[in-house]
Amino acid sequence: MPIRSLRSIVADQVPVTARKSLTVREAARTMKASNIGALMVVDGTRLVGIFTERDALFRVLAEGRDPGTTELAEVMTTQPSTIHPDAPFIDALRTMHRGRFRHLPVVEFDRPLGLVSVRDALDDDLADLRIALQQHEDAPY
């Protein structure tokens, strides 16, 4: 199977972004309307954070914060890991696996082009990841 670049995966995406001043309630509505599990948070066109469904659960609901008044800037993950669009998808899978997260912004010149998630993986991608992880585990140090 040819190696898929992230650019090819996000080519048809319209990046779903939000201002850091958006409330969690408004962000949740945007996520629901777009059927996505994460929003890229921007300042102008520059990526400054990511807000995920886990952030809503752990940083807002579990902490007793009001979703109607809590702004994304207060509960988003700042300086999220990102990846360049010309990288192979397997690199994104490795990054998400190592970081134990499910969404990774694809960014070029600080501008988000799209978002990949573990759900974008095809069976062949997952097989390649398993092989790569096994080789890493078997490598002498």
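That block above? That's the structure.
Residues numbered from 1 in each chain as written. Predicted model: local features only at pLDDT ≥ 70, side-chain atom pairs only at ≥ 80, totals over all residues. Heavy atoms only, no water.

(A) Here's a closer look at unusual backbone geometry. One non-glycine residue, Gln 79, adopts positive backbone phi at about 45°. Tracing the sequence through the fold places Gln 79 in the loop between strand S4 (77-78) and helix H5 (89-99). Note on Gln 79: relative accessible area 76%, which makes it exposed. At Arg 100, a position not held by glycine, the phi torsion is positive, near 60°. Within the secondary structure layout, Arg 100 lies in the loop between H5 and strand S5 (103-108). (Helix = DSSP H or I, 4+ residues; strand = E, 2+ residues; numbered from the N terminus. Buried < 20%, exposed > 50% of the residue type's maximum accessible area, 1.4 Å probe, protein only.)

(B) Representation of the sheet that holds strand S2 (residues 38-43). Here four strands make up an open sheet; going across it, the order is S1-S2-S3-S4 and the pairing mixed. The open sheet has two edge strands, strand S1 (17-19) and S4, and neither has a second partner. Pairing of S2 with strand S3 (residues 46-52), which is carried by six bridges, proceeds in the antiparallel orientation. By the bridge assignment for S3, Val 42 is matched with Leu 47. Against the sheet, helix H3 (residues 53-61) contacts S3 and S4, and its axis sits at roughly 70° relative to S3. (Pairing = 2+ DSSP bridges. Contact = heavy atoms within 4.5 Å. Axes fitted to C-alpha atoms, helices over the stretch in contact; angles between N-to-C directions.)

(C) Geometry of the nonpolar core. Ranked by size, the top nonpolar core spans 15 residues in total, and within it Leu 6, Ile 83, Phe 89, Ala 92 and Val 116 carry the most contacts. Secondary-structure elements contributing two or more residues to this core are helix H1 (6-10), H5, S5 and strand S6 (111-117). Broken down by element, the residue count for this core peaks at five residues, all from H5. Residue contacts for Val 116: discarding those within four places in its chain leaves Leu 6, Ile 9, Val 10, Phe 89, Ala 92, Met 96, Arg 102, His 103, Leu 104 and Val 106. Core analysis: the second largest hydrophobic core is formed by 14 residues, Ala 27, Val 41, Val 48 and Phe 51 among them. (Core = buried A, V, L, I, M, F, W, Y, C linked by side-chain atoms within 4.5 Å.)

(D) Layout of the environment of Leu 47. For Leu 47, the location among the structural elements is in strand S3. Residue Leu 47 is classed as buried on the basis of its relative accessible area of 12%. Taking C-alpha positions, Leu 47 is 33 Å from Gln 134, a pair spaced 87 residues apart along the chain.

(E) Local environment of the pattern of salt bridges. Counted according to the given criterion, the structure contains seven salt bridges. For the salt bridge of Arg 94 with Asp 91, the shortest nitrogen-to-oxygen distance reads 2.8 Å. Pair noted here: Arg 94 and Asp 91 are both in helix H5, with a separation of three residues, about one helical turn. Take Asp 91: its relative accessible area is 27%, and that puts it in the partly exposed class. Among the charged side chains, a network of salt bridges with common partners joins Arg 7, Asp 86 and Glu 108. (Salt bridge = Lys/Arg side-chain N within 4 Å of Asp/Glu carboxyl O.)

(F) How the structure looks around the pairing of S2. Among the six residues of S2, five are classified as buried, and the element is accordingly described as predominantly covered. Bridge analysis of S1 against S2 gives three bridges, and the strand direction is parallel. Considered in S2, the bridge of Arg 19 is made with Val 42. Each parallel crossover has a hand, and the one from S1 via helix H2 (residues 24-34) to S2 is right-handed. In textbook terms, the turn of a hairpin is the stretch between consecutive antiparallel strands, and for S2 and S3 this stretch comprises two residues, one of which, Gly 44, has a positive phi near 70°. (Right-handed = clockwise from strand over helix to strand, strands pointing away.)

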